[in-house]
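Summary of structural features
Each chain is listed here by its residues.
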Amino acid sequence: INKGLKALVYAKKSDNLYIAGKVASDTSQDHNRFILENDLRKVIERNELSLVYQPQYDMNRNEMIGMEALIRWKHAEKGFISPVDFIPLAEENGSIIAIGNWVLLTVCNQINEWKAKGFLVPTVAVNISPVQLQNENFVQSLLDIFTLTGCEPTSISLEITESMTLDIEKTMSLFKQLNDININISVDDFGTGYSSLYYLDQLPIDQVKIDKSFIQNKSKQAIVKSIVEMANNLQIEVIAEGVETSEQVQFLQEINCTYAQGYYFSKPISDVEKLLRLK
Ligand code: C2E
Ligand code: MG
Ligand code: MG
Ligand code: MG
């Protein structure tokens, strides 16, 4: 049985309709997609996922103030596959729910382990897919994970992209629930969506992360400056993503942007303990 057939068989078992629509156009890209979507359903039992962490810095105090957990998938045959490529597939076939819970659980266990070793652990930011947020069990699974691990909700923050904030009513009620259980909310890739300005003063948002496309493009400096000013006025924390050069650091400091994350400071790493301070 060749690989292609195997992928079809597997997919057909679990997803008749989807496969039926796709068989007609079996390009090699579609083919690869079948395999990946199918393999995604087994990544957890196969132990192929891991997390790396990227530090976030306070540029004034020269101090790490947080870190972002970023998922990595090491596929048995294909090696590392970027989350940019597999998260959309996981969203499409629903496996993002299990994967997202795995990320939350792993982060909570990791925080506990670091604390047990006596480290001071800054807030860990976790990326949450809009598909997870739209799942009616999201808040309950969060609560379950906190109960199960004993990890404090205040130890983590949730990075949510703007795309989900289109339905303002639903978003409002969800964000209020999250705020009530003391989880900080950060708007990821800020500036790339449509609704940025509209909801900023309406939702209980703790932080915005200016998208790296703005930070890395000099012609966007005026926009970056406006976002920082606005966030500062609204008392929302603002963090610059994708900071790679000392020039960018200098500009951000000039415009009173205090927090930053990017290769200039550190790439995402797996050995975080060397950056943590003991209590
Ligand atoms: P994001 O949440 O905006 O994460 C920032 C991405 O920018 C990361 O890519 C990070 O490695 C990269 N980055 C950080 N500093 C720099 C820099 O100075 N220059 C450049 N060019 N890039 C930088 P990564 O790890 O490949 O993740 C890509 C995206 O995948 C994330 O974007 C996020 O949307 C998604 N993702 C990652 N982990 C998870 C996860 O656990 N759950 C979900 N739902 N999505 C995730
Ligand atoms: Mg993020
Ligand atoms: Mg709050
Ligand atoms: Mg981002």
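These lines cover the structure that appears in this document, whether it is placed above or below. Quantities reported herein were computed from a predicted structural model and do not represent experimental measurements. (Residues numbered from 1 in each chain as written. Chains lettered and ligands numbered in written order. Predicted model: local features only at pLDDT ≥ 70, side-chain atom pairs only at ≥ 80, totals over all residues. Heavy atoms only, no water.)

1. A short note on helix H12 (residues 246-254)
Listing the buried residues of H12 in full gives Gln-248, Val-249, Phe-251 and Leu-252. The buried residues of H12 occupy an angular sector of 165° when projected down its axis, which confines them to one face. Exposed positions of H12 whose direction lies more than 90 degrees from the buried face are Glu-247 and Glu-254. Of the surrounding elements, those touching the buried residues of H12 are helix H10 (212-215), helix H11 (221-233) and strand S9 (237-240). Within two residues after H12, Asn-256 carries a phi angle of roughly 65°, on the positive side. (Buried < 20%, exposed > 50% of the residue type's maximum accessible area, 1.4 Å probe, protein only. Helix = DSSP H or I, 4+ residues; strand = E, 2+ residues; numbered from the N terminus. Arc of directions from axis to C-beta. Contact = heavy atoms within 4.5 Å.)

2. Observations regarding the coordination of the magnesium ion (ligand 4)
The coordination sphere of the magnesium ion (ligand 4) contains the protein donors Asp-188 (OD), Asp-189 (OD), Glu-241 (OE) and Glu-241 (OE), at a distance range of 2.0 to 2.6 Å. Mapping the donors of the magnesium ion (ligand 4) onto the primary sequence yields the spacing D-D-x51-E. Between the two metal centres, the magnesium ion (ligand 4) and the magnesium ion (ligand 2), the spacing is 4.3 Å, with Asp-188 acting as a shared donor. Placement of the pair is Asp-189 in strand S7 (residues 184-190) and Glu-241 in the loop between S9 and H12, with a sequence separation of 52 residues. Judged by relative accessible area, Asp-189 falls into the partly exposed class, the value being 24%. Taking relative accessible area as the criterion, Glu-241 reaches 8% and is therefore assigned buried. (Donors = N, O, S within 2.8 Å, 3.2 Å for Na, K, Ca; no water.)

3. Digging into the packing of helix H7 (residues 138-149) against helix H8 (residues 168-180)
The N-to-C vectors of H7 and H8 enclose an angle of 15°; their axes lie 11 Å apart at closest approach. As far as their axial angle goes, H8 and H7 are roughly parallel. Seen along the crossing, H7 lies across H8 with a hand that is right-handed. Contact residues: Phe-138, Val-139 and Leu-142 in H7; Leu-174, Gln-177 and Leu-178 in H8. When grouped by side-chain class, the residues that make up the contact of H7 with H8 number five nonpolar, one polar and no charged. (Axes fitted to C-alpha atoms, helices over the stretch in contact; angles between N-to-C directions. Parallel < 35°, antiparallel > 145°, perpendicular 65-115°, else oblique. Left-handed = near helix turned anticlockwise from the far one by under 90°. Nonpolar A, V, L, I, M, F, W, Y, C, P; charged D, E, K, R; others polar.)

4. Some words on the site of ligand 1
Around ligand 1, 23 residues are found, and the nearest of them are Arg-72, Asn-127, Asp-188, Glu-244 and Tyr-263. Between Asn-127 and ligand 1, the recorded distance is 2.8 Å, taken from a side-chain N or O atom to an oxygen atom. Take Gln-216: an N or O atom from its side chain is 3.5 Å from a nitrogen atom of ligand 1. Here ligand 1 is seated within the largest pocket. Elements with a minimum of two residues in the shell around ligand 1: strand S2 (63-75), helix H4 (83-93) and S7. Ranked by residue count, the leading element in the shell around ligand 1 is S2, at four residues. Split by residue class, the shell around ligand 1 holds nine nonpolar, six polar and eight charged. (Near = heavy atom within 4 Å. Polar contact = N/O pair within 3.5 Å; in protein donor to acceptor, adjacent residues only side chain to side chain. 1 Å grid on protein atoms, 1.4 Å probe; cavity = no way out; pocket = protein on both sides within 12 Å on 5 of 7 lines; lining within 4 Å. Sits in = over half its atoms within 2 Å of the grid points.)

5. As for the environment of Ser-186
Examined against the element boundaries, Ser-186 turns out to sit in strand S7. For the pair formed by Ser-186 and Val-126, sequence separation is 60 residues and the distance between their alpha carbons is 9.5 Å. Apart from residues no more than four positions distant in its own chain, Ser-186 is found in contact with Leu-158, Glu-159, Ile-160, Gln-207 and Lys-209.

6. Examining the pairing of S2
Strand direction decides the pairing type here: strand S1 (residues 49-58) and S2, joined by ten bridges, are antiparallel. Within S2, the residue paired with Ser-50 across the bridge is Arg-72. Count of turn residues in the S1/S2 antiparallel hairpin: four residues, of which Asn-62 carries a positive phi of about 55°. As paired strands, S2 and strand S5 (residues 123-128) are joined by four bridges and run parallel to one another. (Pairing = 2+ DSSP bridges.)

7. Re the coordination of the magnesium ion (ligand 2)
Around a metal, the perfect tetrahedron of four donors has angles of 109.5 degrees, and the perfect octahedron of six donors has angles of 90 or 180 degrees. Distances from the magnesium ion (ligand 2) to its protein donors, namely Glu-68 (OE), Asn-127 (OD1), Glu-159 (OE) and Asp-188 (OD), fall within the range 2.0 to 2.2 Å. Donor residues binding the magnesium ion (ligand 2) come from one chain and are separated in sequence as E-x58-N-x31-E-x28-D.

8. Observations concerning the nonpolar core
In this structure, Val-107, Leu-158, Leu-178, Val-208 and Leu-252 are the most contacted members of the largest nonpolar core, which totals 75 residues. In this structure Val-208 touches Val-187, Phe-190, Leu-200, Ile-227, Ala-231, Ile-236, Glu-237, Val-238 and Ile-239, once residues within four positions along its chain are discounted. (Core = buried A, V, L, I, M, F, W, Y, C linked by side-chain atoms within 4.5 Å.)

Geometry only, nothing functional implied.
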